[in-house]
Each structure stands twice: as C-alpha cells, then as structure tokens.
Amino acid sequence: MDVVGVDFRDGILFVPEVLMAARAMKAGMAILRPLLAESGVRELGTMVIGTVKGDIHDIGKNLVAMMMEGAGFKVINIGVNNDSDSFLDSVREHDADIVGMSALLTTTMPYMGVVIKALKEAGLREKVIVMVGGAPLNEAFAEDIEADAYCKDAAIAVQTAKELIAIRDGK
Ligand code: B12
C-alpha cells in the first residue's frame, strides 16, 4: 500500500484503482490479522474516523480508513453524519490514539471545530491526535480549529499519522 499511496499522490493511480488495491489489502489483512496478533506484532495505533454531522460524503473517508488499515493501524470507521457525542463515545470505547474527521461541504466543515471543543471539554484533547480532511479544507482552516493536521489525500494521511504517532511516542 506504500507504493499505491506514492503512485496515487503522483497521479499515476486513480481513485478506482486505489479502492481496488485497498479492498485487496483489507481482504488480505482479514486473513493475516489473527496470525499477526498471535505473533505479538503490535498495531501502530487506533484511529476513529467519521464524516461530521450533516454530511453523508464517505468515499474519501473510506479510502483513508482502508489505507490506514493497510498501513497497520486499527481503524474504527463510524460512518457518516456523526455528532460530537458519537466521536467522543467511540474515542472512549476504543481508547483511540487518533480521531479523523471528514467533511465535503463548506456548511459542515465548521462542525469539526465543535467536535474539537467537545474533546477539550471532556478532557480528551491532549490524549488524541486530531486529523482532518475533505476537499473544501486547507491547512489554515485546520490551524484555526486547532486540529493537529490537515491531509490533502489518503497517502498523506498515512504518512502524517505515522509521523505524529512517532513524535507523540518520542521516537
Ligand atoms: C460523490 C459526491 C456526492 C455523493 C456522495 C456519495 C458518497 N457516498 O460519498 C452524493 C451524490 C450523495 C452527494 C450529495 C451531495 N453533495 Co456532493 N459531491 C460528490 C463529489 C462529486 C465527489 C466527492 C468524492 O467522493 N470525491 C473523491 C474522494 C476520493 O475525494 P475526497 O472526498 O476529497 O477525499 C480525499 C481527501 O479529501 C482526503 N480526505 C477526505 N476525508 C478525510 C478525512 C481525514 C481524517 C483525512 C486525514 C483525509 C481525508 O483523503 C481522501 C482520499 O484521498 C463532490 C465534488 C468533488 N469533486 O469533490 C461533490 C460535492 C462535495 N457535493 C456537493 C454538494 C453541494 C452536495 C449536496 C448538498 C447536493 C444536494 N444539493 O443534495 C449533497 C449533500 C448531501 C449531504 N448532506 O452530505 C458540493 C459541495 C459544495 C460546497 N462548497 O460545499 C460538491 C463540491 C460538488 C459541487 N462542485 O458543487 N455528493
């Protein structure tokens, strides 16, 4: 999936091809996961990912979820139209390291700030890395709502997640 990610970033592969590769990886991982668990190989971290309230776009979010799984993260995909309680409940339930939020509409992207505020109020913000993405977003917006990272695509999301986990763990 590393090679697929680089080729997607460089415009050599396109969304349908990346989706096919990610699905093949997912099927392979379903076979390998129990064997890896037995051999004691640790997952890189747990990510809760969802599309925010009012928004039902999920193609890009699912692509990020599959690429993250392929890279060795445990991914809890909570679907679309999630309010802040839904994100917070899932973070608590799965002891998540990363929260990923997706929005494709200019009217729904501000809700990401609401979720971050709720994470702060619940005392969870310091515990999780917040990554955001979706076509209308940019780095300035991510900075404005105090997310840890904006990622333009799924390949960058995987790379960024690995880097931020390594920084958090002091590696
Ligand atoms: C497909 C689509 C739909 C489908 C969605 C199907 C689905 N299951 O997702 C349907 C038909 C349902 C739909 C509905 C609507 N849509 Co629409 N849709 C699109 C379209 C054509 C493609 C989106 C897409 O899938 N792109 C491909 C994926 C791979 O790219 P991506 O989502 O950007 O994801 C990548 C990155 O952004 C990033 N990323 C994404 N999420 C995340 C999350 C994290 C954590 C990270 C790190 C990274 C990351 O990585 C991804 C993979 O590389 C876009 C136009 C466009 N070109 O973007 C319009 C678009 C987003 N839609 C639009 C609109 C207006 C609507 C509707 C309001 C239309 C209507 N009047 O009903 C409704 C909204 C319904 C709702 N409440 O959500 C507008 C938004 C305009 C705006 N400024 O807000 C757009 C831009 C079209 C346009 N030009 O007008 N839509």
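Above this note sits the structure.
Residues numbered from 1 in each chain as written. Predicted model: local features only at pLDDT ≥ 70, side-chain atom pairs only at ≥ 80, totals over all residues.

(A) The overall build of the protein chain, seen in detail. When helices and strands are tallied, the protein chain shows 7 helices and 5 strands. Starting at the N terminus and ending at the C terminus, the protein chain contains elements arranged as α-α-β-α-β-α-β-α-β-α-β-α. For 171 residues, the compact-globule estimate of 2.2 N^0.38 gives 16 Å, and the protein chain sits close to it at 15 Å. Among the 171 residues that make up the protein chain, the fraction classed as buried is 40%. Long-range pairs, those at least 24 residues apart, make up 74% of the contacts in the protein chain between residues at least 6 apart in sequence. (Helix = DSSP H or I, 4+ residues; strand = E, 2+ residues; numbered from the N terminus. Rg over C-alpha atoms; globule rule 2.2 N^0.38 Å. Buried ≥ 20, exposed ≤ 12 C-beta atoms within 10 Å, placed from the backbone. Contact = placed C-beta atoms within 7 Å.)

(B) Just the site of the ligand, in detail. Every one of the 28 residues lining the ligand counts as a neighbour, but Ile59, Gly60, Gly100, Ser102 and Gly133 are closest to it. Contributing elements (two or more residues each) for the shell around the ligand: helix H3 (59-70), strand E3 (98-102), strand E4 (129-133) and helix H7 (154-168). A per-element tally of the shell around the ligand places H3 first, with 5 residues. Residues belonging to the shell around the ligand are distributed by class as follows: 16 nonpolar, 8 polar and 4 charged. (Near = placed C-beta within 6 Å. Nonpolar A, V, L, I, M, F, W, Y, C, P; charged D, E, K, R; others polar.)

(C) Quick look at the environment of Ile129. For Ile129, the location among the structural elements is in strand E4. For Ile129, a count of 20 C-beta atoms within 10 Å translates into the label buried. Along the backbone, Ile129 and Gln159 are 30 residues apart, and their C-alpha atoms lie at a distance of 14 Å. Setting aside its immediate chain neighbours within four residues, Ile129 contacts Asp97, Ile98, Asp148, Leu164 and Arg168.

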